[in-house]
Structures are given as C-alpha cells and as structure tokens.
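Residues per chain are reported as follows:
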Amino acid sequence: MGAEATYEIIDPRFHGLFNGNARLDHLYSGCRWAEGPAWFAAGRYLVWSDIPNDRQLRYDETDGGVSVFRAPANYSNGNTIDRQGRQVTCEHGARRVTRTEHDGTITVIADRFDGKRLNSPNDVVVKSDDSIWFTDPTYGIDSDYEGHKSESEIGRSNVYRVDPNGTISAVITDMVKPNGLAFTPDESQLYVADTGRTHGADNPAHIRLFNVKGKKVSGGKVFAEPTAGLFDGFRLDEDGRIWTSDGPGVSCYDPDGTLIGRINVPEGVANVCFGGFKRNRLYICGTTSLYAIYLMVNGLKTY
Ligand code: MG
C-alpha cells in the first residue's frame, strides 16, 4: 500500500519539509472524482466527496477502513470543518452550502444571491469570525456528470461571504471559475484559484492573492501559475506555505510565490487536506483514489 514517493526539490527551501523515507500511502480507490477532503480531528477520520458517484466517503484513521458517509450527497464537492467542529459542505446538486449540525441535521447556509439560485458551490473556508467564504463556478450545472445540467441564473461565477447573521455578499466578481480558496495564517489575505482555463485556452489558470480587511476585499494579484495542470483545491501549512493540487501531484509554494517543491502522485490531484493528530499527514484526493503522505510540516490549525 505504500509506494515510494518521488519528490522534486525545485528550491533548497523544500529540503526539510518532507521525509525521504515516507511512503505515499494509497488508502482507497473506486472513486470517479475524489474531491473535498476535510479532517475531523475529534473523530480521527477524513470525509471526502466522490462527486460523480453522488456520495461522501469516510476514511477512519484508527483502522484504515473506508465506508460510505453519506449517499446521496447532492453531488457534494468541497468540505471544511468550522470553528465549532461542524461540517460545512458545498453541494453541486442542490446548488447550496450547508452545515451539518452536531445532532446531524442540515442547515442551509446559502442557496441564493440577489434572489437567484447559486451556480454550484465548489469550495469553502470558515474565517475565525465565523464568516463562511465560498466559490461558485458552474461545474456542477455544466453537465449532468457532477450535478444537474442547468443554466446559470446569476450569469457570473463569484466568490461569496456569508456573515454569521446570514447576510450573503459577493466579495470577488472578476474571476472566470473561482475554485479552491484559503486564508493566510493571519487571515489578512485570501488565496483563490481560478480554473477558468477549463472553459477556454485564453482563460486564467492561476492562484490570486487578495487583501482582506474587515469586510473589504481588495487587490487580487496573480500569485502563481501552475506547471503541471490546474490549481484546484489547496491548503496552507503553519508557516503559510501553499500545498496545492497541480496536475498529477502536489506543488508547494513559498509565501513569496516561489515554487519550491513537488510530490508526484500517480493520478491527477483535485484537492488536499492536512490531518492526523498532529496535522502532519497530507491527505490527497487524486481522481479515483485517496492518498496520504506524512510530511515534516504541520497543517495550519483552522479550528
Ligand atoms: Mg474544487
């Protein structure tokens, strides 16, 4: 189950971030499009989405077992855990963002903007002030493969913030297909991937960096361009490095924007998530499979 991991050291700063003896663990196969990993620290399990199969799966760290967590799952995509330890989920099929409460009931966080249905929420993060930020490209309504084919009512793919009182605001409106997103450790900046390239060769394929001050979002310079594929989902480590999906592997960027290293994976990677008791195991959603690898760094603590 462990394949020798292949690392590419692109910048000397990547030395010391990985353990050369660590294996790339192949934990599960049988997905069609694995996405949306989220680590439940208290339960010692990882939940992720298998979008075309309309289900969520759960990997149990204690015994390595994988079981179906939720099916149907409204073609869920991105998941995260909020500051209170509750699951927050983007649902392509129901075109909404939901929270699974501690008692298991589901609360709708957002399903409309300006009276119009959302496209198909893709990925989500929760800020320390309990505001919920999510991207809303059209992948879940472009075809019946990842949701239900339909027209966009909004006509744009925006990034939204939902305040704790339920108010929804469009905070970034100039992206083509906003996708993965994550705050810097001090939450003063927000990284957002744009996978617009899927809808045209001249469209963007990059991560942008926005400034966040209170409710004001500004800036948006291009932070990085992928070298192997497209940036979809990503997470940060404690030191603010970005570990991102990028074709068949995970690319690691220093906060200054330099690509410093890469972990090669046998399949295209859609998203990653730090987990384990010390948050030093990187879980990798790679098309049909769930992989994991222990690193010498710890994921940013977000709850
Ligand atoms: Mg995504």
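Before any of the text, the structure's been laid out above.
Predicted model only: the values in this text are computed from it and were never measured.

A. Representation of the packing of aromatic side chains. Overall, the coordinates contain 15 aromatic pairs when judged by the stated rule. Relative to F223, the ring of Y191 has its centre 4.9 Å away and its plane inclined at 65 degrees; by these criteria the two rings are edge-to-face. With a gap of 32 residues between them, Y191 in strand β19 (residues 189-194) and F223 in strand β21 (residues 216-224) connect regions that are remote in the sequence. Following the ring pairs from residue to residue traces out a cluster consisting of Y7, F14, F18, W243 and F274. The ring centre of Y45 lies 5.5 Å from the NZ or CZ of R58, which sits over that ring. In this structure, K127 packs its charged tip against the face of F183, placed 6.0 Å from the ring centre.

B. The pattern of salt bridges, seen in detail. Following the criterion strictly, the structure yields 19 salt bridges and no others. Residue R13 is joined to D256 by a salt bridge in which the shortest nitrogen-to-oxygen separation is 3.0 Å. With R13 in the loop between β2 (6-9) and β3 (23-29) and D256 in the loop between β24 (249-253) and β25 (259-264), this pair connects stretches of sequence that are 243 residues apart. Since its relative accessible area comes to 48%, D256 is described here as partly exposed. Of the charged contacts in the structure, one is a salt bridge between R44 and E61, with a shortest N-O distance of 2.9 Å. Pair noted here: R44 is in the loop between β4 (34-40) and β5 (45-50) and E61 is in the loop between β6 (55-60) and β7 (66-70), with a separation of 17 residues, a long-range link.

Cut-offs used in this document
- Residues numbered from 1 in each chain as written.
- Predicted model: local features only at pLDDT ≥ 70, side-chain atom pairs only at ≥ 80, totals over all residues.
- Heavy atoms only, no water.
- Phe/Tyr/Trp six-rings, centres within 6.5 Å; stacked < 30°, edge-to-face > 60°.
- Helix = DSSP H or I, 4+ residues; strand = E, 2+ residues; numbered from the N terminus.
- Lys NZ or Arg CZ within 6 Å of the ring centre and 35° of its normal.
- Salt bridge = Lys/Arg side-chain N within 4 Å of Asp/Glu carboxyl O.
- Buried < 20%, exposed > 50% of the residue type's maximum accessible area, 1.4 Å probe, protein only.

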